[in-house]
Amino acid sequence: MKQFISVQDVTDINQLVKKALAYKADPFADRHLGADKRIGLLFLNPSLRTRLSTQVAARNLGMEAIVFNVDKEGWALEFEEGAIMSGSTVEHIKDAAPVLGQYFDILCIRTFPSLKNREDDYSEMFIHQFIRYAGVPVVSLESATLHPLQSLTDIITIQEDLPLRQLARKPKIVLTWAPHVKPLPQCVANSFAQWVNAWGEADFVITHPQDYELSEQFTKGAVITHNQDEALRDADYVYVKNWSTFNDYGKIYENDPNWMLTEEKLAVSNQAKVMHCLPVRRNVELSDEILDSTHSLVTKQAGNRVWAAQAVLASILQHQ
Amino acid sequence: MKQFISVQDVTDINQLVKKALAYKADPFADRHLGADKRIGLLFLNPSLRTRLSTQVAARNLGMEAIVFNVDKEGWALEFEEGAIMSGSTVEHIKDAAPVLGQYFDILCIRTFPSLKNREDDYSEMFIHQFIRYAGVPVVSLESATLHPLQSLTDIITIQEDLPLRQLARKPKIVLTWAPHVKPLPQCVANSFAQWVNAWGEADFVITHPQDYELSEQFTKGAVITHNQDEALRDADYVYVKNWSTFNDYGKIYENDPNWMLTEEKLAVSNQAKVMHCLPVRRNVELSDEILDSTHSLVTKQAGNRVWAAQAVLASILQHQ
Amino acid sequence: MKQFISVQDVTDINQLVKKALAYKADPFADRHLGADKRIGLLFLNPSLRTRLSTQVAARNLGMEAIVFNVDKEGWALEFEEGAIMSGSTVEHIKDAAPVLGQYFDILCIRTFPSLKNREDDYSEMFIHQFIRYAGVPVVSLESATLHPLQSLTDIITIQEDLPLRQLARKPKIVLTWAPHVKPLPQCVANSFAQWVNAWGEADFVITHPQDYELSEQFTKGAVITHNQDEALRDADYVYVKNWSTFNDYGKIYENDPNWMLTEEKLAVSNQAKVMHCLPVRRNVELSDEILDSTHSLVTKQAGNRVWAAQAVLASILQHQ
């Protein structure tokens, strides 16, 4: 693997999942793989799970991990080509990235969308500029439109749970929109859709209120419905996530509390396991009764972030 | 030791002090004890000594220490059971703690009191919720009402100094209130009182202006007086600390500069050594003349923070 | 070396450069030199290159590096002797420094000038107070008036490039003022002048608009001119940097865009290589056409920060 910014960087999803689960069973199996290697984790936006799990994963491989909160410890970066930098940005990515590329063997970066200009966000300018100038392998810790380490974790968590369910058919996986109090990126939803479609071993349904369509480039292959109850019927895994509108970009049209998942709604499912990437707004996105029940996979899912990151970093170190 | 949030977690104070002083003499004696173990240091409030000394202590034991400033690098946590999270809190401790418990072998957390609601603060809800959901041993880096790593350090510093004084009696230890410019928690004072009382090898006097009573649950066993001069008579150790009111909670009633300790006041003491947990407001809480004199133990005291933390972490790793 | 706060701490510049370039060729040659040693990096002001390169350098020598952003993670420090600390400062350097000196074997500190009181800034009170009370070797990560790790890097970069130029004479090095949008310290310019003069192996010219004189204590030995074109004639290395006024302290008098270096201006030079310490305001201080051309040494220069820091830290560890 030369970089990890979307599912397209992965040759074989199942192989990568297998690798991750092997690390879960034996975290220090490749403890010398990253000896004398250094990984830089750059955050232009805050992070808890992503930062800590990647740091832990790097250490498990013997790498030195250095975290840099660009927004708080550094300064505003410029991404526009040809900019006359007389404003608030202090350093151009063209200057910062190659310097960082000299200090680190692998660079990881998190950068959120503006949610104002869809074309800019969906061009993934920030991470592409970074890759262009860094000169070393780059791993996305969530970009403007995708969150691949999360999605890999999600597939790992489903594959880990699947044998316990003894299904005689493909699992039915439902991605359902949930209410939230502010406009959020589409990243996690886009990325989950992209990965489940690429994986191809599920019946995949996406449900959301009208006007909350996601970009077809990621959802293509899934059944899409505005009827949440119908979507949940016989579902084995329900992935709950809020996102803001894609078409009329970055808005909240409807914040209907009825879309919050409850035990009652889950009754029509096949004892569905419930997933969420965290952080979750309890009793807004998801009810306490679900999160505190055995239906919830969210803690296990977050724990698996370490093994997802470790599998990706190892694949890069091994040029696999 | 299974957790360290108050003196009640300690079976034998003198044994723990001895262990700490052994590490001071030989910092790397147990350098492999924490191999492949990871400690997470979570700060909901700022810290200098506590953070750095705990980080150093962990490294001396061969542990990987990762610092996370929740307030600055992360987001606001919710602690209320059943909260409808439509406000400013982004993640519930019920979701965050078990995830962190999967990433780390020991979790350390600092969280300050509100100084607004005494019942909430004194219930220690934050740290108890954290312990309840973390699933791994928790060490307090200062909580709403106590600061046990500081108090252990204080006892270590006194025990280290005692032989030099050749007293034919128990040492007289005085905890004196000092002026400050803003309302501070009662933690350090509560905790020092709790530890000196539990230790039981001193004549212990607490002195403060009227209306600055501390909670009896911590002070019980000490002589309490509003007469600072009388308290200082024949004192061997004077611990200087400001705290806000406990009864009419979190206020500053009197900020009488006369309560600042001076060399003149110390004249009636037995060449008392002066202690403070730092940071200290010079010439407000304590005069330059004392801090810059040989009476001051504050630098040595702060240095001992490393050995206190190391003894505690080692005890947890050894399940002692 | 016992400390590193200016060129005066260096016995033999060429020897130090040689050491740095040896580390560049073999980063882990002294990987055990700093075993069980700990370095503290304190930032009172933000940093990207300095922080990361010093952290990497320390690790290459086997040292544990701990970063502490005093301004963001800690609190405001007091530096005035005898201050009555009833204002915004929370801890005196007299108390903080000796504590840090107990936690670390080497302390590094970055602290910027106020640009308000020249006498205070040029007395270097902050770093001198820190050194006085720390009790361990101190390395400047940029102080009020100097940036020695940057200047060492600059000399390394020039020496590394020199053989490729096959000059039959001493290289001509030009330090030129550049426009900026806000008043900056004189540190990098002062320090570069001090080091090039101390090195003594160049024809050294400084050019800047009228009223932008630097302090003679650093520039003495250099030719100074207000005519940028004349200065650039036959130049081999052009160091571009903005600084605010020294005489009428900390001002921007003239922000003439004509002083921005362009390819056209460089035409009279000897195919000069262009240097800058970064971050650079593109198309304000320096044009894209230069920064993106082969004339630019800025990325290589920033990469060399690691080897400069490593040579300095190794010299301190070896008491050389």
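Just so it is clear, the structure is predicted and the values come from calculations on it, not from any experiment. (Residues numbered from 1 in each chain as written. Chains lettered and ligands numbered in written order. Predicted model: local features only at pLDDT ≥ 70, side-chain atom pairs only at ≥ 80, totals over all residues. Heavy atoms only, no water.)

1. Overview of helix α7 (residues 148-165) of chain A
Residues and elements named next belong to chain A. Put simply, the rule is: Each helix is a run of DSSP H or I of at least 4 residues and each strand a run of E of at least 2, with the numbering of both proceeding from the N terminus. In this scheme, a helix's expected span is set at 1.5 Å multiplied by one less than its residue total. For each residue, the accessible area found with a 1.4 Å probe, counting protein chains only, is set against the maximum for its type, and the residue is called buried under 20%, exposed over 50%, and partly exposed in between.
For α7, spanning 18 residues, the distance from its first C-alpha to its last is 26 Å, which sits close to the expected 26 Å at 1.5 Å a residue. α7 sits mainly inside the fold: 14 of its 18 residues count as buried. Within two residues after α7, Gln166 carries a phi angle of roughly 45 degrees, on the positive side.

2. Quick look at the packing of aromatic side chains
Let me state the cut-off plainly: Two rings belonging to Phe, Tyr or Trp (six-membered ring only in the last case) form a pair when the distance between their centres is within 6.5 Å. Interplanar angles under 30 degrees mark stacking, angles over 60 mark edge-to-face geometry, and anything in between is tilted. In this analysis the charged atom, NZ for Lys or CZ for Arg, is taken to sit over a ring once it is within 6 Å of the ring centre and within 35 degrees of the ring normal.
All told, the structure shown has 30 aromatic pairs over all chains when counted by the stated rule. A cation over an aromatic ring shows up here: Arg165 of chain C above the ring of Tyr237 of chain C, its NZ or CZ 5.4 Å from the ring centre.

3. With respect to the UniProt feature "domain: Aspartate/ornithine carbamoyltransferase carbamoyl-P binding" (unreviewed entry) in chain A
Convention followed: UniProt positions are given in the numbering used here, feature names are shortened, and annotations may be inferred rather than shown by experiment.
UniProt annotation of "domain: Aspartate/ornithine carbamoyltransferase carbamoyl-P binding" (unreviewed entry) refers to residues 2-160 of chain A when read in the numbering used here. The span residues 2-160 of chain A carries 43% helix and 15% strand; its end-to-end C-alpha distance comes to 26 Å.

4. What about the interface of chain C and chain B?
What counts here: Residues are treated as being in contact if the distance between any of their heavy atoms lies within 4.5 Å. Accessible surface is computed with a 1.4 Å probe, and the buried area is the amount of it that two parts give up when combined, taken over both parts together. For this analysis, a salt bridge means a side-chain nitrogen from Lys or Arg found within 4 Å of a carboxyl oxygen belonging to Asp or Glu. Contacts described as polar in this section are N or O atom pairs within 3.5 Å, which, within protein, must combine one atom able to donate a hydrogen with one able to accept it, while residues neighboring in sequence count only if both atoms come from side chains.
In this complex, chain C contributes 29 residues to the contact, which on the side of chain B involves 32 residues. The junction of chain C with chain B conceals about 2,800 Å² of combined surface from both sides, 56% of it contributed by carbon and sulfur atoms. The partner of Asp292 of chain B in a salt bridge is Lys94 of chain C, and the shortest N-O contact between them spans 2.7 Å. Where chain C packs against chain B, one counts 14 residue pairs in polar contact (both at pLDDT 80 or more). Mapped by element, the contributors of at least two residues to the side of chain C that touches chain B are β2 (64-69), α3 (70-73), β4 (91-92) and α4 (93-103) of chain C.

5. What to know about the relation of the copies chain B and chain A
We count it as follows: The copies were overlaid by least squares, fitting only the C-alpha atoms of residues that reach a pLDDT of 70 or more in each copy.
For these two chains of identical sequence, chain B goes onto chain A by a turn of 120 degrees and a shift of 0.0 Å along the axis, with RMSD 0.0 Å. Those values place the two copies in the arrangement expected of a three-fold rotation axis. Taking C-alpha positions as reference, the residue of chain B nearest the rotation axis is Lys72 of chain B, located at 4.7 Å. Comparing contact sets, just 3% of the residues at the interface of chain B also lie at the interface in chain A, consistent with a heterologous contact between different surfaces.

6. Examining unusual backbone geometry
Leu278 of chain B connects to Pro279 of chain B through a cis peptide bond whose omega is 0 degrees. Mapping Pro279 of chain B onto the fold places it in the loop between β11 (273-275) and α12 (288-291). We note that Leu115 of chain A has phi near 60 degrees; this positive angle belongs to a residue other than glycine. Along the chain, Leu115 of chain A falls in the loop between β5 (106-110) and α5 (118-122). Since its relative accessible area comes to 15%, Leu115 of chain A is described here as buried. Phi at Asp211 of chain A is positive, roughly 75 degrees, even though this residue is not glycine.

7. Some thoughts on empty space enclosed by the protein
The condition is simple: Site definitions follow a grid-based scheme: protein atoms alone, a 1 Å grid, a 1.4 Å probe that fits but cannot get out for cavities, and for pockets an open set with protein on both sides within 12 Å along at least five of seven lines, plus lining residues having an atom within 4 Å of a point. Grid points are joined across faces, edges and corners, and a volume is the space filled by probe spheres set on the points. Basically, the charged four are Asp, Glu, Lys and Arg, the nonpolar ten are Ala, Val, Leu, Ile, Met, Phe, Trp, Tyr, Cys and Pro, and anything else, Gly included, counts as polar.
As enumerated under the stated definition, the model contains two cavities of 30 Å³ or more in all. In this structure, the largest cavity encloses a volume near 40 Å³. Taken together, Phe43, Asn45, Pro46, Ser47, Arg51, Asn69, Asp71 and Lys72 of chain B together with Phe68 and Glu73 of chain C form the lining of the largest cavity. A breakdown of the residues in the lining of the largest cavity according to their chemical character gives three nonpolar, three polar and four charged. Counted as a void, the second largest cavity has a volume near 30 Å³.

8. Structural notes on the UniProt feature "domain: Aspartate/ornithine carbamoyltransferase Asp/Orn-binding" (unreviewed entry) in chain A
Residues given the UniProt feature "domain: Aspartate/ornithine carbamoyltransferase Asp/Orn-binding" (unreviewed entry) here are residues 204-315 of chain A. For residues 204-315 of chain A, the helix share is 30%, the strand share is 13%, and the end-to-end C-alpha distance is 28 Å.

9. Here we look at the packing of helix α1 (residues 13-25) of chain B against helix α7 (residues 148-165) of chain B
Residue and element names in this part refer to chain B. Definition in use: Axis definition: a line fitted to C-alpha atoms, limited for helices to the stretch in contact. Angles are taken between N-to-C directions and run from 0 to 180 degrees. Throughout this description, any angle smaller than 35 degrees is read as roughly parallel, any larger than 145 degrees as roughly antiparallel, any in the 65 to 115 degree range as roughly perpendicular, and the remainder as oblique.
Orientation of α1 relative to α7, taken along the N-to-C sense of each, is 75 degrees, at an axis distance of 10 Å. In terms of their interaxial angle, α1 and α7 are classed as roughly perpendicular. Facing α1, whose interface residues are Ile13, Asn14, Leu16, Val17, Ala20, Leu21 and Lys24, α7 presents Leu152, Ile155, Ile156, Gln159 and Glu160.

10. Structural notes on the layout of surface pockets
As a volume, the largest pocket reaches approximately 1,200 Å³. Lining of the largest pocket is provided by 37 residues; of these, Arg59, Gly62 and Glu64 of chain A, Arg59 of chain B together with Arg59 of chain C occupy positions nearest its centre. Going through the elements one at a time, α2 (49-60) of chain A, α2 (49-60) of chain B together with α2 (49-60) of chain C are the ones with two or more residues in the lining of the largest pocket.

11. Overview of the sheet that holds strand β2 (residues 64-69) of chain B
All names here are of chain B. For clarity, the cut-off: Two strands qualify as a pair provided that DSSP identifies no fewer than 2 bridges between them.
With parallel pairing, four strands are arranged side by side in an open sheet as β2-β1-β5-β6. Here the strands that pair on one side only, and so sit at the sheet edges, are β2 and β6 (138-140). Strand-to-strand twist of the sheet, defined as the mean angle between neighbouring strand axes without regard to direction, takes the value 20 degrees. Here strand β5 (residues 106-110) pairs with β6 via three bridges, running parallel.

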